[in-house]
Amino acid sequence: MTAATIIQSLASGLLMGLLYGLLAVGLALIFGLMDVTNFAHGEFLMLAMYLTFFLFMFWAVDPLLSIPIVAAGMFVFGAVIYLIIIRFAMRAKANIGMVQIFATFGLAILMRGLAQFFFTPDYRSIPASMLGGKTISVFGVFLPVPQLVGALISIAAFGALYFFMKKTDFGRALEATREDAGAVALVGIDKNKVFALGWGLGSALIGLAGGVMAIFFYIYPDVGASFALIAYVTVALGGFGSVFGAFAGGIIVGLVEATTAMILPPSLKSVGIYAVYLLVVFIRPRGLFGSI
(Lines give C-alpha, C1' and ligand atoms only; values in the text may rest on other atoms or scores of the structure.)
Protein backbone atom coordinates (compact mmCIF):
# COMPACT_ATOMS: atom_id res chain seq x y z
CA MET A 1 0.00 0.00 0.00
CA THR A 2 1.59 3.26 -1.16
CA ALA A 3 1.26 6.74 0.27
CA ALA A 4 -0.60 7.83 -2.88
CA THR A 5 -3.16 5.07 -2.36
CA ILE A 6 -3.69 6.06 1.26
CA ILE A 7 -4.12 9.73 0.40
CA GLN A 8 -6.52 8.88 -2.43
CA SER A 9 -8.63 6.69 -0.15
CA LEU A 10 -8.74 9.26 2.65
CA ALA A 11 -9.71 12.02 0.20
CA SER A 12 -12.61 9.91 -1.06
CA GLY A 13 -13.59 9.15 2.54
CA LEU A 14 -13.54 12.85 3.41
CA LEU A 15 -15.87 13.70 0.52
CA MET A 16 -18.33 10.96 1.49
CA GLY A 17 -18.00 11.97 5.13
CA LEU A 18 -19.13 15.50 4.33
CA LEU A 19 -22.18 14.04 2.58
CA TYR A 20 -22.86 11.79 5.57
CA GLY A 21 -22.67 14.89 7.75
CA LEU A 22 -25.22 16.70 5.60
CA LEU A 23 -27.49 13.68 5.75
CA ALA A 24 -27.21 13.44 9.54
CA VAL A 25 -27.58 17.16 10.31
CA GLY A 26 -31.30 17.10 9.46
CA LEU A 27 -31.85 14.16 11.81
CA ALA A 28 -29.89 15.86 14.60
CA LEU A 29 -31.80 19.12 14.11
CA ILE A 30 -35.19 17.43 14.50
CA PHE A 31 -34.07 15.42 17.52
CA GLY A 32 -32.48 18.42 19.19
CA LEU A 33 -35.59 20.53 18.63
CA MET A 34 -38.25 18.03 19.67
CA ASP A 35 -36.58 14.95 21.21
CA VAL A 36 -38.14 12.94 18.38
CA THR A 37 -36.11 10.44 16.35
CA ASN A 38 -37.36 10.33 12.78
CA PHE A 39 -37.29 6.63 11.86
CA ALA A 40 -38.47 7.58 8.37
CA HIS A 41 -35.23 9.51 7.79
CA GLY A 42 -34.03 7.05 5.15
CA GLU A 43 -37.36 7.17 3.35
CA PHE A 44 -37.16 10.96 3.21
CA LEU A 45 -33.80 10.51 1.48
CA MET A 46 -35.35 7.96 -0.89
CA LEU A 47 -38.14 10.40 -1.77
CA ALA A 48 -35.64 13.18 -2.48
CA MET A 49 -33.68 10.88 -4.80
CA TYR A 50 -36.85 9.89 -6.67
CA LEU A 51 -37.85 13.55 -7.02
CA THR A 52 -34.45 14.28 -8.54
CA PHE A 53 -34.79 11.31 -10.88
CA PHE A 54 -38.28 12.20 -12.14
CA LEU A 55 -37.44 15.87 -12.60
CA PHE A 56 -34.68 14.70 -14.92
CA MET A 57 -36.71 12.05 -16.77
CA PHE A 58 -39.90 14.09 -17.34
CA TRP A 59 -38.65 17.68 -17.55
CA ALA A 60 -34.94 17.18 -18.35
CA VAL A 61 -33.89 19.19 -15.29
CA ASP A 62 -30.26 18.38 -14.55
CA PRO A 63 -29.75 17.06 -10.99
CA LEU A 64 -27.42 19.94 -10.16
CA LEU A 65 -30.14 22.42 -11.10
CA SER A 66 -32.91 20.46 -9.43
CA ILE A 67 -31.21 20.32 -6.00
CA PRO A 68 -32.82 23.59 -4.74
CA ILE A 69 -36.20 22.48 -6.17
CA VAL A 70 -35.96 19.14 -4.37
CA ALA A 71 -34.88 20.83 -1.14
CA ALA A 72 -37.86 23.20 -1.33
CA GLY A 73 -40.23 20.30 -2.03
CA MET A 74 -38.83 18.33 0.91
CA PHE A 75 -39.22 21.39 3.15
CA VAL A 76 -42.94 21.46 2.41
CA PHE A 77 -43.20 17.69 2.78
CA GLY A 78 -41.47 17.73 6.18
CA ALA A 79 -43.67 20.54 7.50
CA VAL A 80 -46.83 18.74 6.33
CA ILE A 81 -45.70 15.46 7.94
CA TYR A 82 -45.31 17.27 11.24
CA LEU A 83 -48.73 18.89 10.98
CA ILE A 84 -50.66 15.73 10.05
CA ILE A 85 -48.75 13.05 11.99
CA ILE A 86 -46.06 14.13 14.45
CA ARG A 87 -48.08 16.90 16.06
CA PHE A 88 -50.73 14.41 17.14
CA ALA A 89 -48.19 11.77 18.19
CA MET A 90 -46.67 14.32 20.58
CA ARG A 91 -50.03 14.77 22.30
CA ALA A 92 -50.14 11.17 23.53
CA LYS A 93 -51.13 10.95 27.19
CA ALA A 94 -49.09 7.82 27.91
CA ASN A 95 -46.01 6.14 26.45
CA ILE A 96 -45.33 9.23 24.36
CA GLY A 97 -41.86 8.01 23.39
CA MET A 98 -43.19 4.74 22.00
CA VAL A 99 -46.02 6.54 20.20
CA GLN A 100 -43.53 8.82 18.46
CA ILE A 101 -41.27 5.90 17.53
CA PHE A 102 -44.09 3.86 16.03
CA ALA A 103 -45.55 6.90 14.26
CA THR A 104 -42.33 7.58 12.35
CA PHE A 105 -41.57 3.87 11.92
CA GLY A 106 -45.06 3.34 10.47
CA LEU A 107 -44.52 6.33 8.19
CA ALA A 108 -41.29 4.71 6.95
CA ILE A 109 -43.09 1.45 6.12
CA LEU A 110 -45.89 3.35 4.37
CA MET A 111 -43.50 5.44 2.26
CA ARG A 112 -41.45 2.40 1.29
CA GLY A 113 -44.55 0.42 0.37
CA LEU A 114 -45.97 3.25 -1.74
CA ALA A 115 -42.61 3.62 -3.51
CA GLN A 116 -42.57 -0.09 -4.33
CA PHE A 117 -46.16 0.07 -5.59
CA PHE A 118 -45.88 3.19 -7.74
CA PHE A 119 -42.21 3.10 -8.78
CA THR A 120 -41.66 -0.72 -8.71
CA PRO A 121 -38.64 -2.28 -6.93
CA ASP A 122 -36.47 -1.76 -10.04
CA TYR A 123 -33.13 -0.03 -9.70
CA ARG A 124 -33.01 3.30 -11.53
CA SER A 125 -30.25 5.76 -12.24
CA ILE A 126 -29.79 9.11 -13.91
CA PRO A 127 -28.11 8.24 -17.22
CA ALA A 128 -26.39 11.57 -17.82
CA SER A 129 -25.84 14.80 -15.97
CA MET A 130 -23.57 17.83 -15.90
CA LEU A 131 -21.45 16.22 -13.18
CA GLY A 132 -21.87 12.50 -13.74
CA GLY A 133 -18.74 10.47 -14.55
CA LYS A 134 -16.33 13.40 -14.26
CA THR A 135 -13.21 13.58 -12.11
CA ILE A 136 -10.57 16.20 -11.48
CA SER A 137 -6.99 15.82 -10.30
CA VAL A 138 -5.75 17.92 -7.37
CA PHE A 139 -2.02 17.41 -6.71
CA GLY A 140 -2.29 13.91 -8.12
CA VAL A 141 -5.40 13.01 -6.10
CA PHE A 142 -8.39 12.14 -8.28
CA LEU A 143 -11.68 13.49 -6.95
CA PRO A 144 -15.08 12.52 -8.45
CA VAL A 145 -16.83 15.75 -9.37
CA PRO A 146 -20.30 14.74 -8.05
CA GLN A 147 -18.89 13.90 -4.61
CA LEU A 148 -16.73 17.03 -4.65
CA VAL A 149 -19.70 19.27 -5.46
CA GLY A 150 -21.75 17.42 -2.84
CA ALA A 151 -19.04 18.09 -0.26
CA LEU A 152 -19.00 21.79 -1.15
CA ILE A 153 -22.80 21.92 -0.90
CA SER A 154 -22.56 20.21 2.48
CA ILE A 155 -20.08 22.79 3.79
CA ALA A 156 -22.19 25.66 2.43
CA ALA A 157 -25.39 24.20 3.90
CA PHE A 158 -23.80 23.77 7.32
CA GLY A 159 -22.46 27.33 7.21
CA ALA A 160 -25.88 28.67 6.22
CA LEU A 161 -27.56 26.61 8.95
CA TYR A 162 -25.12 27.91 11.57
CA PHE A 163 -25.76 31.52 10.47
CA PHE A 164 -29.51 30.88 10.46
CA MET A 165 -29.50 29.37 13.95
CA LYS A 166 -27.26 32.01 15.53
CA LYS A 167 -27.98 35.23 13.68
CA THR A 168 -31.70 35.28 12.80
CA ASP A 169 -34.77 35.80 14.96
CA PHE A 170 -36.34 32.54 13.85
CA GLY A 171 -33.11 30.69 14.54
CA ARG A 172 -33.13 32.09 18.07
CA ALA A 173 -36.78 31.03 18.37
CA LEU A 174 -35.72 27.51 17.40
CA GLU A 175 -33.01 27.52 20.06
CA ALA A 176 -35.40 28.90 22.68
CA THR A 177 -38.06 26.33 21.84
CA ARG A 178 -35.48 23.57 22.12
CA GLU A 179 -34.48 24.82 25.59
CA ASP A 180 -38.01 25.26 26.98
CA ALA A 181 -41.00 24.72 24.70
CA GLY A 182 -43.42 25.73 27.48
CA ALA A 183 -41.77 29.04 28.29
CA VAL A 184 -41.69 30.31 24.71
CA ALA A 185 -45.49 30.21 24.57
CA LEU A 186 -45.53 32.87 27.31
CA VAL A 187 -43.76 35.33 25.01
CA GLY A 188 -46.05 34.71 22.05
CA ILE A 189 -44.05 32.14 20.07
CA ASP A 190 -46.24 29.51 18.40
CA LYS A 191 -44.60 26.20 19.31
CA ASN A 192 -46.35 24.25 16.56
CA LYS A 193 -45.25 26.73 13.92
CA VAL A 194 -41.64 26.52 15.11
CA PHE A 195 -41.76 22.71 15.15
CA ALA A 196 -43.32 22.55 11.68
CA LEU A 197 -40.68 24.85 10.24
CA GLY A 198 -37.98 22.89 12.10
CA TRP A 199 -39.20 19.65 10.50
CA GLY A 200 -39.30 21.42 7.15
CA LEU A 201 -35.73 22.66 7.57
CA GLY A 202 -34.47 19.22 8.60
CA SER A 203 -36.22 17.65 5.61
CA ALA A 204 -34.79 20.28 3.26
CA LEU A 205 -31.28 19.28 4.37
CA ILE A 206 -32.14 15.67 3.53
CA GLY A 207 -33.36 16.94 0.16
CA LEU A 208 -29.97 18.52 -0.51
CA ALA A 209 -28.22 15.24 0.29
CA GLY A 210 -30.67 13.20 -1.79
CA GLY A 211 -30.31 15.49 -4.78
CA VAL A 212 -26.54 15.01 -4.77
CA MET A 213 -26.60 11.27 -4.10
CA ALA A 214 -29.06 10.65 -6.93
CA ILE A 215 -26.29 11.57 -9.36
CA PHE A 216 -24.04 8.64 -8.47
CA PHE A 217 -26.17 6.12 -6.52
CA TYR A 218 -28.84 3.74 -7.75
CA ILE A 219 -32.37 4.79 -6.82
CA TYR A 220 -34.81 2.17 -5.51
CA PRO A 221 -37.39 1.95 -2.68
CA ASP A 222 -34.96 0.52 -0.10
CA VAL A 223 -32.09 2.88 -0.87
CA GLY A 224 -32.62 4.90 2.29
CA ALA A 225 -32.24 1.98 4.71
CA SER A 226 -28.44 1.72 4.67
CA PHE A 227 -27.92 5.48 4.65
CA ALA A 228 -30.38 5.92 7.52
CA LEU A 229 -28.36 3.48 9.63
CA ILE A 230 -25.20 5.48 8.93
CA ALA A 231 -27.08 8.69 9.81
CA TYR A 232 -28.23 7.27 13.17
CA VAL A 233 -24.69 6.16 14.00
CA THR A 234 -23.33 9.55 12.91
CA VAL A 235 -25.78 11.45 15.14
CA ALA A 236 -25.08 9.16 18.10
CA LEU A 237 -21.33 9.46 17.52
CA GLY A 238 -21.41 13.25 17.33
CA GLY A 239 -23.93 13.59 20.16
CA PHE A 240 -27.73 13.56 20.07
CA GLY A 241 -29.11 17.03 19.52
CA SER A 242 -25.78 18.53 18.42
CA VAL A 243 -25.89 19.87 14.88
CA PHE A 244 -22.15 20.49 14.85
CA GLY A 245 -21.61 17.02 16.31
CA ALA A 246 -23.58 15.42 13.48
CA PHE A 247 -21.54 17.25 10.88
CA ALA A 248 -18.22 16.39 12.55
CA GLY A 249 -19.42 12.83 13.11
CA GLY A 250 -20.13 12.47 9.40
CA ILE A 251 -16.54 13.41 8.56
CA ILE A 252 -15.25 10.90 11.11
CA VAL A 253 -17.50 8.16 9.74
CA GLY A 254 -16.35 8.82 6.17
CA LEU A 255 -12.67 8.70 7.12
CA VAL A 256 -13.10 5.57 9.26
CA GLU A 257 -15.02 3.87 6.45
CA ALA A 258 -12.24 4.65 3.97
CA THR A 259 -9.53 3.49 6.38
CA THR A 260 -11.36 0.24 7.10
CA ALA A 261 -11.74 -0.44 3.38
CA MET A 262 -7.95 -0.23 3.03
CA ILE A 263 -7.40 -2.79 5.77
CA LEU A 264 -10.33 -5.16 5.35
CA PRO A 265 -12.28 -6.29 2.27
CA PRO A 266 -14.59 -3.51 0.98
CA SER A 267 -17.65 -5.55 1.94
CA LEU A 268 -16.60 -5.17 5.61
CA LYS A 269 -15.96 -1.42 5.52
CA SER A 270 -18.86 -0.76 7.93
CA VAL A 271 -17.12 -2.78 10.66
CA GLY A 272 -14.79 0.12 11.44
CA ILE A 273 -17.69 2.57 11.74
CA TYR A 274 -19.55 0.50 14.32
CA ALA A 275 -16.34 -0.34 16.19
CA VAL A 276 -15.54 3.38 16.60
CA TYR A 277 -19.14 4.06 17.59
CA LEU A 278 -19.07 1.38 20.29
CA LEU A 279 -15.76 2.72 21.57
CA VAL A 280 -17.22 6.23 21.87
CA VAL A 281 -20.36 4.87 23.57
CA PHE A 282 -18.25 3.14 26.22
CA ILE A 283 -15.99 6.15 26.84
CA ARG A 284 -18.44 9.03 26.31
CA PRO A 285 -22.06 7.78 26.11
CA ARG A 286 -23.51 11.18 25.18
CA GLY A 287 -21.32 11.36 22.07
CA LEU A 288 -18.28 13.44 21.20
CA PHE A 289 -20.07 16.79 21.24
CA GLY A 290 -23.36 15.95 22.96
CA SER A 291 -24.58 17.55 26.16
CA ILE A 292 -27.49 15.23 26.99
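- Under an unreviewed UniProt entry, the name given to the protein chain is Branched-chain amino acid ABC transporter permease, and the organism recorded is Tardiphaga alba.
- UniProt annotates the protein chain under Subcellular location (unreviewed entry) with the comment "Cell membrane".
- Under the heading Sequence similarities (unreviewed entry), UniProt records this for the protein chain: "Belongs to the binding-protein-dependent transport system permease family. LivHM subfamily."

### Structural notes on the side chain of threonine 104
For step 1, the next point in the chain: The residue threonine 104 is located in helix α4 (residues 96–119) in this model.
For step 2, the next point in the chain: Assessed through its relative accessible area of 0%, threonine 104 is described here as buried.
For step 3, the next point in the chain: Side-chain polar atoms of threonine 104 contact the backbone oxygen of threonine 37, separated by 3.4 Å.
For step 4, the next point in the chain: For threonine 104, the residues in contact, after removing those within four places along its chain, are Thr37, Asn38, Phe39, Ala40, Ile86 and Trp199.

### Remarks on unusual backbone geometry
For step 1, the next point in the chain: The phi torsion at alanine 60 lies on the positive side, around 55°, for a residue other than glycine.
For step 2, the next point in the chain: Summarising the element assignment, alanine 60 is placed in the loop between α2 (41–59) and α3 (63–89).
For step 3, the next point in the chain: At asparagine 95, a position not held by glycine, the phi torsion is positive, near 50°.
For step 4, the next point in the chain: Tracing the sequence through the fold places asparagine 95 in the loop between α3 and α4.
For step 5, the next point in the chain: Take asparagine 95: its relative accessible area is 61%, and that puts it in the exposed class.

### Observations concerning the side chain of aspartate 62
For step 1, the next point in the chain: Looking at the element boundaries, aspartate 62 is found in the loop between α2 and α3.
For step 2, the next point in the chain: With no salt bridge to any partner, buried aspartate 62 finds its closest opposite charge in lysine 134, at an N-O distance of 8.3 Å.
For step 3, the next point in the chain: Reaching out from aspartate 62, the side chain makes a polar contact with the backbone nitrogen of leucine 64 at a distance of 3.0 Å.
For step 4, the next point in the chain: The contact partners of aspartate 62, leaving out residues within four places of it in the chain, are Phe56, Ser129 and Met130.

### Some points on the environment of valine 256
For step 1, the next point in the chain: Along the chain, the position of valine 256 falls in helix α10 (residues 243–263).
For step 2, the next point in the chain: The exposure class assigned to valine 256 is buried, which follows from its relative accessible area of 18%.
For step 3, the next point in the chain: Along the chain, valine 256 and glycine 17 lie 239 residues apart, while their C-alpha atoms are 9.1 Å from each other.
For step 4, the next point in the chain: Dropping the residues within four chain positions of it, valine 256 is found in contact with Gly272, Ile273 and Val276.

### Focus on the nonpolar core
For step 1, the next point in the chain: Ranked by internal contacts, the top residues of the largest apolar core, which has 78 residues, are Leu23, Met34, Phe44, Leu45 and Trp199.
For step 2, the next point in the chain: A per-element tally of this core places helix α1 (residues 3–34) first, with 16 residues.
For step 3, the next point in the chain: Contact partners of tryptophan 199, with chain neighbours within four places excluded, come to Ile30, Met34, Val36, Asn38, Phe44, Gly78, Ala79, Ile81, Tyr82, Ile86 and Thr104.

### Describing the UniProt feature "transmembrane region" (unreviewed entry) in the protein chain
For step 1, the next point in the chain: With numbering matched to this structure, UniProt assigns "transmembrane region" (unreviewed entry) to residues 6–32, 44–61, 67–89, 101–119, 139–164, 194–220, 226–256 and 268–285.
For step 2, the next point in the chain: Across residues 139–164, helical content stands at 77% and strand content at 15%; the span's end C-alpha atoms are separated by 35 Å.
For step 3, the next point in the chain: Along residues 194–220 one finds 85% helix and 0% strand; the C-alpha atoms at either end are 33 Å apart.

### Notes on the pairing of strand β1 (residues 135–138)
A regular strand places its side chains so that they alternate between the two faces of the sheet.
For step 1, the next point in the chain: For β1 and strand β2 (residues 141–144), the ladder comprises four bridges, and the chain directions are antiparallel. Note on β2: the bridge partner recorded for serine 137 is phenylalanine 142.
For step 2, the next point in the chain: The turn linking β1 back onto β2 is made up of two residues, and phenylalanine 139 within it adopts a positive phi angle of 55°.

### With respect to the packing of aromatic side chains
For step 1, the next point in the chain: Counted under the stated rule, the structure contains 19 aromatic pairs.
For step 2, the next point in the chain: Geometrically, the ring pair formed by phenylalanine 54 and phenylalanine 58 is stacked, given 5.6 Å between the ring centres and 10° between the ring planes. Of this pair, phenylalanine 54 and phenylalanine 58 both sit in helix α2, four residues apart, which is roughly one turn of the helix.
For step 3, the next point in the chain: Exposure remark for phenylalanine 58: the relative accessible area of 61% places this residue in the exposed category.
For step 4, the next point in the chain: Pairwise contacts between aromatic rings join Tyr50, Phe53, Phe54, Phe58, Trp59 and Phe119 into one cluster.

### Overview of the pattern of salt bridges
For step 1, the next point in the chain: Summed over all chains, the structure comprises three salt bridges.
For step 2, the next point in the chain: Residue arginine 112 pairs with glutamate 43 through a salt bridge whose shortest N-O separation is 2.7 Å. Linking arginine 112 in helix α4 with glutamate 43 in helix α2, this pair joins segments that are 69 residues apart in sequence.
For step 3, the next point in the chain: Taking relative accessible area as the criterion, arginine 112 reaches 28% and is therefore assigned partly exposed.
For step 4, the next point in the chain: On the basis of relative accessibility, which here comes to 3%, the residue glutamate 43 falls in the buried class.
For step 5, the next point in the chain: When the shortest N-O distance is used, the salt bridge between arginine 172 and aspartate 169 registers 3.2 Å. In this pair, arginine 172 and aspartate 169 both sit in helix α6 (residues 169–179), three residues apart, roughly one turn of the helix.
For step 6, the next point in the chain: Judged by its relative accessible area of 43%, arginine 172 falls in the partly exposed class.
For step 7, the next point in the chain: For aspartate 169, a relative accessible area of 64% puts it in the exposed group.

Reading the values: the criteria
Residues numbered from 1 in each chain as written. Predicted model: local features only at pLDDT ≥ 70, side-chain atom pairs only at ≥ 80, totals over all residues. Heavy atoms only, no water. UniProt positions renumbered as here; feature names shortened; annotations may be inferred. Helix = DSSP H or I, 4+ residues; strand = E, 2+ residues; numbered from the N terminus. Buried < 20%, exposed > 50% of the residue type's maximum accessible area, 1.4 Å probe, protein only. Polar contact = N/O pair within 3.5 Å; in protein donor to acceptor, adjacent residues only side chain to side chain. Contact = heavy atoms within 4.5 Å. Lys, Arg positive; Asp, Glu negative; His and termini not counted. Salt bridge = Lys/Arg side-chain N within 4 Å of Asp/Glu carboxyl O. Core = buried A, V, L, I, M, F, W, Y, C linked by side-chain atoms within 4.5 Å. Pairing = 2+ DSSP bridges. Phe/Tyr/Trp six-rings, centres within 6.5 Å; stacked < 30°, edge-to-face > 60°.

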